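These are the residues of each chain, in order.
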Amino acid sequence: EIAVPKLVADFANSFGFISENGVSPEVDANFESVVLKPKTFTGSVPLSRSVVKSCPQVEQIVSQAIVAGSAERLEALILKGIVDAVVAAGKVETVDAYTYAGIVAAQGQLGDEGVSYGSIAAVMSLQPKATLRSTLRGDNTAGVYLFDEGDLCGVPAYDSKVLAGQDFIILGDMSKIAIGQWGD
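Report follows, based on the coordinates.

Basis of the calculations
- Residues numbered from 1 in each chain as written.
- Predicted model: local features only at pLDDT ≥ 70, side-chain atom pairs only at ≥ 80, totals over all residues.
- Heavy atoms only, no water.
- Helix = DSSP H or I, 4+ residues; strand = E, 2+ residues; numbered from the N terminus.
- Rg over C-alpha atoms; globule rule 2.2 N^0.38 Å.
- Buried < 20%, exposed > 50% of the residue type's maximum accessible area, 1.4 Å probe, protein only.
- Contact = heavy atoms within 4.5 Å.
- Areas by Shrake-Rupley, 256 points an atom, 1.4 Å probe, with all protein chains shown as cover.
- Lys, Arg positive; Asp, Glu negative; His and termini not counted.
- Charge placed at Lys NZ, Arg CZ, Asp CG, Glu CD.
- Pairing = 2+ DSSP bridges.
- Core = buried A, V, L, I, M, F, W, Y, C linked by side-chain atoms within 4.5 Å.
- Expected span 1.5 Å × (residues − 1).
- Patch = residues over 30% accessible without salt bridge, like charges linked within 9 Å, V, L, I, M, F, W, Y side chains within 5 Å.
- Salt bridge = Lys/Arg side-chain N within 4 Å of Asp/Glu carboxyl O.
- Axes fitted to C-alpha atoms, helices over the stretch in contact; angles between N-to-C directions.

Helix and strand counts for the chain come out as 4 helices and 7 strands. Of the regular secondary structure in the chain, the N- to C-terminal order runs β-β-α-α-α-β-α-β-β-β-β. Against the compact-globule benchmark of 16 Å for 184 residues, the chain has a radius of gyration of 23 Å, which places it well outside the compact range. C-alpha atoms of the chain, sized along the principal axes, occupy 85 × 50 × 30 Å. With 184 residues in all, the chain has 16% of them scored as buried. Contacts spanning at least 24 positions in sequence make up 68% of the contacts within the chain whose residues lie at least 6 apart. Summed over all atoms, the accessible surface of the chain reaches about 13900 Å², with 54% contributed by carbon and sulfur. Of the side chains in the chain, 13 bear a positive and 22 a negative charge, and the two mean positions are spaced by 14 Å.

Quick look at the structure:
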C-alpha cells in the first residue's frame, strides 16, 4: 500500500493584502491520506506443445489477442467502478432528452463541486454519441451539434465500446484515473 497526501481544505481565503512590513497570516494546511492499494490484473493462456508445433505463429496471435482483450477488460472494470461509485453517491441525473443547456448545467454543477473545467471529460457508448451528433445545440444553430469532432458542448468526449448498449453519458473529472504498471 502507498499513502499519498491529499489537500482537503482551501486555505487560499486567508491570503490577502497586508500593510508594509505587516505580519503574514499563517494557516495550517489540512491533509488526509489517500491509500492506493495495488491489485494484480492477470490472466493466462496455456498453449500445448502440439499447438505450438502445428502453428508457429500461435504465440504471436495469442499475444496480440491478450493485449487487445486485456486492455478492453481493464477499461470495462474501471468504467464499472466509476459507474458503481456514481450510482452509490446518488449523483445520477436522468433526462428525457440531451440538450445543450442541460449538459452545460451539468458541467457547471461539477465546477460548483470543485472540478476544474479543464479536467471535465465525457465518456459514452456509440448510441448516445450518435444521438448527440445529430442533435442541434439550439433552434437557431445550423450545423452546430451537441457532439462535434470529439467535443461535447466544450469538453473532450470519448466513446467506449465496453459501454455498448448503455444509453448514458459519464461526465466528470477523468484526470483522477490513474493506472500504474510495475515490472515487465
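On a regular strand, each side chain points to the face opposite its neighbour's, so the side chains alternate between the two faces of the sheet. Across the 5 residues of strand β3 (residues 120–124), 5 count as buried, placing the element largely inside the fold. Going residue by residue along β3, you find Ile-120, Ala-122 and Met-124 tucked away on one face and Ala-121 and Val-123 tucked away on the opposite face as well. Alignment of β3 against strand β7 (residues 169–173), held across 5 bridges, turns out to be antiparallel. Residue Ala-122 lies in a different strand from β7, and its bridge partner there is Leu-171.

With that out of the way, let us pick up the nonpolar core. Within the largest apolar cluster, 14 residues are counted, with the highest numbers of intra-cluster contacts made by Ile-103, Met-124, Leu-132, Leu-146, Phe-147, Leu-152 and Ala-157. Going through the elements one at a time, α3 (100–112), β3 and β6 (155–159) are the ones with two or more residues in this core. Counting 7 residues, the second-largest nonpolar core is a separate cluster that includes Leu-79, Ile-82, Leu-163 and Met-174.

Owing to its 3.6 residues per turn, the α-helix aligns residues three or four sequence positions apart on the same side. With 31 residues, helix α2 (residues 58–88) extends 44 Å between its outermost C-alpha atoms, agreeing within 8% with the 45 Å of an ideal straight helix rising 1.5 Å per residue. Every buried residue belonging to α2 is among Val-58, Val-62, Leu-79 and Ile-82, and all of these are buried. Buried residues along α2 sit against α1 (49–54), β3 and β7. One or two positions beyond α2, positive phi appears at Gly-90, with a value near 70°.

On the surface, a cluster of nonpolar side chains totalling about 290 Å² of accessible area is made up of Ile-2, Val-4, Val-34 and Leu-36. Of all the elements in the fold, those that place two or more residues in the nonpolar patch are β1 (2–7) and β2 (31–36). Within the secondary structure layout, Ile-2 lies in strand β1.

This next bit is on the sheet that holds β6. The sheet built from 5 strands is open, its strands ordered β4-β5-β6-β3-β7 with mixed pairing. Both edges of this open sheet fall to β4 (147–148) and β7, since each of them pairs with a single strand only. Of the strand pairs in this sheet, β3 and β6 are connected by 3 bridges, and their pairing is parallel. If you follow Ala-122 over to β6, its bridge partner there is Ala-157. Its contacts with the sheet place α3 against β3, β5 (151–152), β6 and β7, and it is angled at close to 30° to β7. Sheet strands in contact with helix α4 (residues 126–133) are β3, β4, β5, β6 and β7, and its direction is about 115° off that of β3.

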